[in-house]
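Next come the chains, spelled out residue by residue.
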Amino acid sequence: MKNEKTEILKDWRLHAVVLVLVAATEAIGQISFKVGAGVILLLPMLYAFFLGLGLYFTPLIKEKQAKNAEPLIVLGVTLLIAKIGVTIGPQIEAIIAAGPSLLLQELGNLGTILLALPVAIFLGFKREAIGMTHSIGREPNVGLIMNKYGFDSPEGRGVMAIYIFGTVFGAAFLGLISGFLATITPLHPLSFAMASGVGSGSMMAAASGSLVAAFPEMEAQIVAFAGASNLLSLSTGLYASIFIGLPLTEKLYSIMMKRKEKKAADKGGDIHA
């Protein structure tokens, strides 16, 4: 373990690329443009994401650097959480005043089931759809699916597909959509701050970063609400998935597949008739 840490620290190629990426993206700065009544914000994190992804397919970054970068992401998110903890303190009264809306926000994640499951079944997915749509598919949910169904199960393949997709595109998507929706809808910015806490540090950072850029005068409140929401999602999200999300997905999947098979059988009967 010690040798691995030393190897990461001595990986000068990785640190040089990261330094250049940070300097370049910060030099570009924030770019915003209007789409109708809303505003889409492009932040340095977004540029760094796509530039880093592109560099992976060049000789500058090899598999060794990609592997060494993984634990550094955890370190970066740890520092972010520490900063959020310090920010939450002065805003604790406002967070408590939010009351049930903050505590019950985890139920909003169940919307992924009601919206995504029918689409997945329509696209032809079988039991993979259960792993894909029972939650947003972060680490605790991956563990839940692996523990119940196994790594090589259809459900396991489904949740891993969403985990990888969310890791690659989740932060970019939330970073774009949060600022846009916050500027085009009449909803309060703090409601979007609470929605930023989906249980992923990188996604929360991207979403709250766009909100801060759109409403800089509310920076402290946005960061505090997003951080508190993310902490609640991490602590309660797994239980919501165990007792509500996964059983609901299983039940809806069973109902929808029976209806789909019945329709297919009826069509087959009509053709033979």
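Residues numbered from 1 in each chain as written. Predicted model: local features only at pLDDT ≥ 70, side-chain atom pairs only at ≥ 80, totals over all residues. Heavy atoms only, no water.

Looking at an unreviewed UniProt entry, the protein carries the name DUF3100 family protein, with the source organism given as Cytobacillus firmus.

Student: Please explain the overall build of the protein as it appears in this structure.
Tutor: From N to C terminus, the protein includes 13 helices and 2 strands. Burial statistics for the protein: of 273 residues in total, 39% are counted as buried. A sequence separation of at least 24 residues applies to 72% of the contacts in the protein between residues at least 6 apart. Element-wise, carbon and sulfur atoms account for 71% of the exposed surface of the protein, whose accessible area totals about 15800 Å². (Helix = DSSP H or I, 4+ residues; strand = E, 2+ residues; numbered from the N terminus. Buried < 20%, exposed > 50% of the residue type's maximum accessible area, 1.4 Å probe, protein only. Contact = heavy atoms within 4.5 Å. Areas by Shrake-Rupley, 256 points an atom, 1.4 Å probe, with all protein chains shown as cover.)

Student: Just checking my understanding: could you explain the confidence of the model for the protein for this structure?
Tutor: Where the model shows low pLDDT, its predicted coordinates should not be examined in detail. Per-residue confidence for the protein averages 79 on the pLDDT scale, and 81% of its residues sit at or above 70. Ranking the helices and strands of the protein by mean pLDDT puts helix α8 (residues 128-133) first, with 93, and strand β2 (residues 38-42) last, with 60. (pLDDT = per-residue confidence, 0-100.)

Student: Would you explain the pattern of salt bridges in this entry?
Tutor: In a structure, side chains of opposite charge can pair up when their charged atoms sit close to one another. All told, the structure shown has 3 salt bridges when counted by the stated rule. Its salt-bridge partner being R127, residue E250 comes within 3.1 Å of it at the nearest N-O pair. One end of the pair, E250, is in helix α13 (residues 219-272); the other, R127, is in the loop between α7 (111-122) and α8, and 123 residues separate them in sequence. Here R127 falls in the partly exposed class, since its relative accessible area comes to 29%. Among the ionic pairs, E128 bridges to R157, the shortest N-O distance being 3.8 Å. Of this pair, E128 sits in helix α8 while R157 sits in helix α10 (residues 154-184), and the two are 29 residues apart along the sequence. Of the residues examined, R157 reaches a relative accessible area of 45% and is grouped as partly exposed. Ionic contacts of the salt-bridge type, sharing partners, join the residues R127, E155 and E250 into one network. (Salt bridge = Lys/Arg side-chain N within 4 Å of Asp/Glu carboxyl O.)

Student: Looking at this model, I keep getting lost on the packing of helix α11 (residues 189-196) against helix α12 (residues 201-214). Mind explaining?
Tutor: Two numbers describe a pair of packed helices, the interaxial angle and the distance between the axes. Here α11 crosses α12 at 165°, and the two axes come no closer than 9 Å. With respect to each other, α11 and α12 are oriented roughly antiparallel. Helix-helix and strand crossings are classified by hand; for α11 and α12 the assignment is left-handed. For the pair formed by α11 and α12, the contact residues are P189, F192, A193 and S196 on the first element and M204, A207, S208 and L211 on the second. Looking at the contact of α11 with α12 residue by residue, the class counts come to 6 nonpolar, 2 polar and no charged. (Axes fitted to C-alpha atoms, helices over the stretch in contact; angles between N-to-C directions. Parallel < 35°, antiparallel > 145°, perpendicular 65-115°, else oblique. Left-handed = near helix turned anticlockwise from the far one by under 90°. Nonpolar A, V, L, I, M, F, W, Y, C, P; charged D, E, K, R; others polar.)

Student: Is there a simple way to think about the environment of R13 in this case?
Tutor: Within the secondary structure, R13 sits in helix α2 (residues 12-28). We classify R13 as partly exposed; its relative accessible area is 24%. The sequence separation of R13 and L60 amounts to 47 residues, and the corresponding C-alpha distance is 7.8 Å. Every residue in contact with R13, bar those within four places of it in the chain, is listed here: P59, L60 and Q65.

Student: Looking at this model, I keep getting lost on the UniProt feature "transmembrane region" (unreviewed entry) in the protein. Mind explaining?
Tutor: Under the local residue numbering, the UniProt record ascribes the feature "transmembrane region" (unreviewed entry) to residues 12-33, 39-60, 72-92, 107-125, 161-184, 190-215 and 222-246. Secondary structure within residues 190-215 divides into 81% helix and 0% strand; the distance between the first and last C-alpha atoms comes to 10 Å. (UniProt positions renumbered as here; feature names shortened; annotations may be inferred.)

Student: Is there a simple way to think about the packing of aromatic side chains in this case?
Tutor: Each aromatic ring pair is specified by the distance between its two centres and by the angle formed by the two planes. Tallied over the full model, the rule gives 1 aromatic pair. Taking the centre distance of 5.5 Å and the plane angle of 85° together, the rings of Y56 and F57 count as edge-to-face. (Phe/Tyr/Trp six-rings, centres within 6.5 Å; stacked < 30°, edge-to-face > 60°.)

Student: Which parts of the structure should I look at to understand the nonpolar core?
Tutor: If you look at soluble globular proteins, the nonpolar side chains tend to sit buried side by side. One finds I113, L117, I121, V159, L246 and Y253 to be the most contacted residues of the largest nonpolar core, which totals 16 residues. Every element with two or more residues in this core is listed here: α7, α8, α9 (139-149) and α13. Those residues in contact with I113 that lie beyond four places of it in its chain are P118, T133, H134, G245, L248, T249 and L252. In terms of nonpolar packing, the next biggest core, distinct from the first, is built from 12 residues, L190, A193, V212 and M218 among them. (Core = buried A, V, L, I, M, F, W, Y, C linked by side-chain atoms within 4.5 Å.)

Student: Would you mind going over the packing of α2 against helix α3 (residues 44-55) with me for this structure?
Tutor: Put simply, α2 and α3 touch, their axes get as near as 9 Å, and they point 140° apart. The angle between α2 and α3 places the two elements in the oblique class. Read as a crossing pair, α2 and α3 show a hand that is right-handed. Of α3, the residues touching α2 (which contributes V17, L21, T25, E26 and I28) are P44, Y47, A48, L51, G52 and L55. Looking at the contact of α2 with α3 residue by residue, the classes come out as 8 nonpolar, 2 polar and 1 charged.

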